[in-house]
Amino acid sequence: MTNSAIFTDQAHLPPSTERPDFSPANPYAKKQFDAATSDMPQLEYDEALVHKYNRSGPRYTSYPTALEFKPIEAGAELDILTRRDPNTPLSLYFHIPFCRHLCYYCACNKIITKKNSDAGDYLEYLKAEVKQKRALLERPASGGKPYVKQLHLGGGTPTFFSDEELTELWEFLQTQFEFAPTSQDKTTDEHPEVGDYSVEIDPREIRDTTLTVLRNLGFNRVSFGVQDLDHKVQIAVNRVQSEELIRGVMQETRRLGFKSTNIDLIYGLPHQTPQTFAKTVETIIDISPDRLSIFNYAHLPNRFKSQRQIKEEDLPTPAEKLEMFSDTITALNEAGYQYIGIDHFAKPDDSMAVAQREGILHRNFQGYTILGDCDLLGFGVSSISQINSTLYANKGNSATHILQNHTDLKEYEAMVDAGKLPAVRHIKTNIEDRLRGYIISNLLCHDYIDFKDLNQKFGIDAITYFIDEIQQLGEMQQDRLVDMDAAGIRILPKGRLLARNVAMVFDTYLASKEKGRFSKVI
């Protein structure tokens with residue numbers, strides 16, 4: 001039976017861009033616990049259900065996903081930038097692709113080089129691209145520069161830039177944008193919210209002064225790539241770093257007053273065992289980062305050349321990987337970390353955990369974010385922008401635009417040299433995409449979708465509009481992954497690890513995608 005066969009008069013219409021004038025209570029602030037406390041719904045690991053539902057699927061940093069990119073039309077990026085809502089704050093992302101060493105597991109867009117001059121040349125291209133895009137942005141109603149609430153340096157290895165180059169980039173950006181305060185003591189009545197300024201760091205690639213320089217500039221959050229502390233594993237993936245080094249950089253971030261630190265770990269690497277990885281997790285819990293990302297290694301050597309350095313016979317079995325993940329969940333739960341979703345954990349007082357409890361957590365190409373009201377502007381090779389065009393909505397043509405810069409460094413530089421905007425791929429969403437993206441985001445961020453909220457925001461009758469999807473979720477309801485009633489769909493404790501499976505039911509693009517394009521859910 002199709003949706004249209006049982007629509008009410010209202011529900012058979014497509015989703016609407018009309019929005020009623022009201023401010024309802026946020027239905028995604030957790031109702032099953034007091035939002036003023038750190039009490040969260042329990043996370044349950046059910047081995048039988050994990051085996052049953054552990055299929056490949058998107059991570060949904062956007063909807064539609066990046067696989068739906070199409071070549072961008074001539075003039076489209078210029079049109080999108082000039083017509084964005086100037087009063088929407090910005091999140092800036094800078095991709096710095098350089099690494100001095102090749103990590104064999106890595107699937108990022110990266111360039112292995114030891115030439116320091118590469119960084120200086122690339123910095124000039126970043127500045128040129130910023131000037132190019134900044135010139136197209138309309139000034140906000142205040143008459144000042146475009147307002148930035150978030151900035152992230154990713155890679156590659158952002159600290160491949162020298163301390164002087166990092167300073168030069170930051171000071172240049174101050175001339176182009178107005179930034180939210182970098183700490184609570186700098187807030188004002190006009191700007192009461194502290195900005196989120198973060199950087200990814202390879203602990204092996206920082207000078208003695210780098211963390212001090214970053215903190216003095218205004219960076220307030222750092223993420224360290226650790227992956228594993230076992231020496232045999234480190235040798236196998238070509239990333240050797242001592243526990244003492246990790247403890248040292250973490251102690252320094254606390255001394256300098258960074259508000260949040262994250263550590264990345266990966267399970268499924270060569271020579272890992274449940275016992276060795278449990279020891280790594282135990283040590284990291286003792287080091288006590290504010291956030292933890294526990295990634296599942298996806299071995300795809302046909303797609304990523306560097307992974308061909310890893311011998312398949314050295315990899316743990318699927319059963320061993322699941323045991324590692326199960327043990328990690330138990331350890332982090334006992335240590336008091338809150339499960340955010342899709343590999344992420346945070347201490348209850350971290351801003352990400354608080355945002356989830358308050359129902360204001362979001363996802364974008366940087367993963368989970370506490371600032372979902374921003375347009376994302378990406379700079380550098382392969383970077384991605386995501387712009388919600390409110391000005392289009394005023395003209396009856398609402399759209400979210402996702403754009404990606406060229407992924408080849410020489411091609412990117414040639415475009416900037418020629419004065420061309422460097423985006424080469426583009427997705428323009430329609431209202432149906434935004435409806436389904438809204439559902440997927442709330443399922444992954446808040447374990448819930450509220451039918452009344454959908455009805456009010458999109459002008460549909462959600463139960464009849466999504467009757468097919470509701471029927472598909474029937475087996476998951478029988479397995480107690482989800483609970484469905486007239487109010488909405490709630491992901492239960494046994495389903496939280498499998499939330500991507502619930503989200504996939506609402507993805508109309510997924511059926512046409514080839515297997516092997518996505519990692520396993522767990």
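Student: What is the right way to look at the packing of aromatic side chains in this model?
Tutor: By convention here, two paired aromatic rings are described through the distance between centres and the angle between planes. A complete count under the given rule lists 18 aromatic pairs for this structure. Plain terms: the ring middles of Tyr465 and Phe466 are 4.9 Å apart, the flat faces sit at 70 degrees to each other, and that makes the pair edge-to-face. No difference in accessibility class separates Tyr465 from Phe466, as the two residues are buried. Put simply, the rings of Trp170, Phe177, Phe179, Tyr197 and Phe219 pair up and form one aromatic cluster. Taking NZ or CZ as reference, Lys133 lies 5.0 Å from the ring centre of Phe379, over its face. In this structure, Arg490 is placed above the aromatic ring of Tyr448, and the distance from its NZ or CZ to the ring centre is 4.2 Å.

Student: Just to check I follow, could you spell out helix H7 (residues 243-256) for this structure?
Tutor: The α-helix advances 3.6 residues per turn, and as a result positions three or four apart in sequence lie on the same side. For H7, which comprises 14 residues, the first-to-last C-alpha distance of 20 Å matches the rise-based estimate of 20 Å (1.5 Å per residue) to within 8%. When we look at burial in H7, the residues that qualify are Ile246, Val249, Met250, Thr253 and Leu256. For H7, the arc enclosing every buried residue in end-on projection is 130 degrees, short of the 170-degree limit, so these residues lie on one face. Summarising the geometry of H7, the exposed residues directed more than 90 degrees from the buried face are Glu244, Gln251 and Arg255. Buried positions along H7 lie against helix H5 (210-217), strand S8 (221-227), strand S9 (260-267) and helix H8 (274-287).

Student: Is there a simple way to think about H5 in this case?
Tutor: Among the residues of H5, Thr210, Leu211, Leu214, Arg215 and Leu217 are the ones counted as buried. Projected onto a plane normal to the axis of H5, the buried residues spread over an arc of 160 degrees and lie on a single side. Contact partners of the buried residues in H5: helix H4 (163-176), strand S7 (196-201), S8 and H7. Where H5 terminates, the next one or two residues include Gly218, which has phi positive at roughly 135 degrees.

What counts and how
Residues numbered from 1 in each chain as written. Predicted model: local features only at pLDDT ≥ 70, side-chain atom pairs only at ≥ 80, totals over all residues. Heavy atoms only, no water. Phe/Tyr/Trp six-rings, centres within 6.5 Å; stacked < 30°, edge-to-face > 60°. Buried < 20%, exposed > 50% of the residue type's maximum accessible area, 1.4 Å probe, protein only. Lys NZ or Arg CZ within 6 Å of the ring centre and 35° of its normal. Helix = DSSP H or I, 4+ residues; strand = E, 2+ residues; numbered from the N terminus. Expected span 1.5 Å × (residues − 1). Arc of directions from axis to C-beta. Contact = heavy atoms within 4.5 Å.

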